[in-house]
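# Inside the fold
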Amino acid sequence: MKAVTWQGKRTVSVEEVPDPQIVEHTDAVVRVTSTAICGSDLHLYEVLSPYMTPGDVVGHEPMGIVEEVGAGVTHVVPGDRVVVPFNIACGHCWMCRRGLQSQCETTQVTESGCGAALLGYSKLYGQVPGGQAEYLRVPHADHGLIKIGHQLPDERYLFLSDILPTAWQAVQHAGVGEGQSVAVVGLGPVGQFAARIARHLGARVYGIEPLRERRDMAARHGVEVMAPDDEALATIREATEGRGPDAVVDAVGMEAHGNPVAAGAQHVVGILPDVLGRKLMSTVGSDRLSALHTSIDLVRRGGTVSLSGVYGGAASPMPLLRMFDKQLTLRMGQCNVRSWTDDLLPLVEDPADPLGVQDLVTHRLPLEQAPAAYEMFQKKTDGCIKVVLDPTATDRAN
Ligand SMILES: NC(=O)c1ccc[n+]([C@@H]2O[C@H](COP(=O)([O-])OP(=O)(O)OC[C@H]3O[C@@H](n4cnc5c(N)ncnc54)[C@H](O)[C@@H]3O)[C@@H](O)[C@H]2O)c1
Ligand SMILES: [Zn+2]
Ligand SMILES: [Zn+2]
C-alpha cells in the first residue's frame, strides 16, 4: 500500500510499504478514506527528528471503512464506517475507567516515560504506524473505533479523531459556559473549534491570531477577532469591565508564529538526554512562550488558563508570582478523545452544523501530494488552514 513516511527533517515522502495485518486478536484493519494533517505533525516534521526513523508512517487523524477484524473484536465488523482516535487506549484499565485515555496504563510507553501510545507519533509514543496511508492497523479496536453512519460526508466526522475533542476538552477545562467570556489565543484548526464550541455553549468569545484568513474564518462563526498586539488586550479588558475574560484557551503551543524551529527545540528539550538537551536549550530563548504569557496576563483574577497547544522544556521560565497572586487555575494535557465522543457526535450530525465542521478544510488533496501539503501547511501559504489527504484519490490515479 501507499503511505506517507517520515524521511528526515522537513522531508516526508509517499512510499510503497507492506499492508498492515491483524497482529493481536483485539486489532482491526481500516481502509482509510480521509486523513488529515495536524499541527502536531509539524513537530515531527521539524524537531522531533531524533525520535523518528526514516520510513516511519505518520498521521493520526484518519477515518474509513473496517476491512478486517481480529477474533476478539465484537464492537465493529467489516464494512462498518469508523473514525479512529489518535490515542491508543484499552478502555478498561484504571486510567481509561476514569476517562484518562491519554494516560492508558495498558499502552503507556514506559521506555520513554510518556503516556498512552499514539498513532504515527515517534518512538516517544510507541512508534506505531500512522494513518496517512491507504490502510491502518488499529490496536484495541473495540474501545478505539467510533462507529458512524454512512450518509454524511467524511468532513462531518473526521475531526472526532483529534482536533474537535481536543478543542472540546480545552473549553471544558476552561469551565466556560453561558454568559461567560473567554479569549482563544491562536486560531489554527484547534483554536477555530475551541472558539466555536465556547460560542455554542453561550460564551462571549474573543479570538487572537496574527493571520488574517484565520481571523476571517473565526469571525464567520461569531468570534470577535483581533491581531495579537497591546490594543487587542486593551480591547478585551475594556469589554470585561477591566478584569479580563473568565478563561483563556491557549491553542498556539510551541509552533508560535515566526520561528517554528526554536519552538519545537524548546518542546523537546525536556525529554532529550541531558547533554543534547542543554545544548539545544542554550540556543533557544523563551520567546516561544509568548502566547502562554499573554494568556496568563490577560485572564481575570481567579480565572482559568487552559492549554491545548503542546508545550515542554524543563527550563521554561513561568511567571509564578503573577500566577499565584492572580489565583489562577491552569489546566492542560493531551486530549482524552473517547471521553467526549458522546457529546460531539450529535453536534457533527446536526443538519445545522452548529460547530461549522464543514467550514475548516481549505485543501483536500490526493495522498500522493503529502510532501507539498506538509510544506504548505507549515509555511501557511495558499490560505492553508486544514489539509485532508485522500488515499482513494491515489487509487484512482493508479
Ligand atoms: N492537546 C492535544 O491533545 C492536542 C491535539 C491536537 C493539537 N494539539 C496542539 O495544539 C496546537 C495547535 O494546533 P493546530 O493544529 O491548530 O496548529 P496551527 O499551528 O495551525 O495553529 C496555531 C495557530 O497559532 C497562531 N499563532 C502563532 N503565534 C501566535 C501568537 N503569539 N498569538 C496568537 N496566535 C499565534 C498561528 O498563526 C496559528 O494559526 C499545536 O501545538 C498542536 O500540537 C494538541
Ligand atoms: Zn493531531
Ligand atoms: Zn487503558
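Residues numbered from 1 in each chain as written. Chains lettered and ligands numbered in written order. Predicted model: local features only at pLDDT ≥ 70, side-chain atom pairs only at ≥ 80, totals over all residues.

Going by the annotation in an unreviewed UniProt entry, the name recorded for the protein chain is Glutathione-dependent formaldehyde dehydrogenase, with Kocuria soli given as the source organism. UniProt, in its Cofactor (unreviewed entry) section for the protein chain, records the words "Zn(2+)". Under the UniProt heading Sequence similarities (unreviewed entry), the note attached to the protein chain is "Belongs to the zinc-containing alcohol dehydrogenase family." (UniProt positions renumbered as here; feature names shortened; annotations may be inferred.)

What follows deals with the overall build of the protein chain. For the protein chain, the helix and strand inventory stands at 15 helices and 15 strands. In the protein chain, which comprises 398 residues, the proportion classed as buried is 52%. Considering only intrachain contacts with a sequence separation of at least 6, the fraction spanning at least 24 residues in the protein chain is 72%. (Helix = DSSP H or I, 4+ residues; strand = E, 2+ residues; numbered from the N terminus. Buried ≥ 20, exposed ≤ 12 C-beta atoms within 10 Å, placed from the backbone. Contact = placed C-beta atoms within 7 Å.)

By secondary structure assignment, the location of proline 54 is in the loop between helix H1 (41–46) and strand S4 (62–69). For the pair proline 54 and lysine 9, spaced 45 residues apart in sequence, the C-alpha separation works out to 9.8 Å. Leave out the neighbours within four places in its chain, and proline 54 touches Trp6, Gln7 and Gly8.

In this section: the pairing of strand S14 (residues 363–366). Pairing between S14 and strand S15 (residues 387–390): four bridges, direction parallel. If you follow proline 366 over to S15, its bridge partner there is aspartate 390. For the crossover from S14 across helix H14 (residues 370–379) to S15, the handedness is right-handed. (Pairing = 2+ DSSP bridges. Right-handed = clockwise from strand over helix to strand, strands pointing away.)

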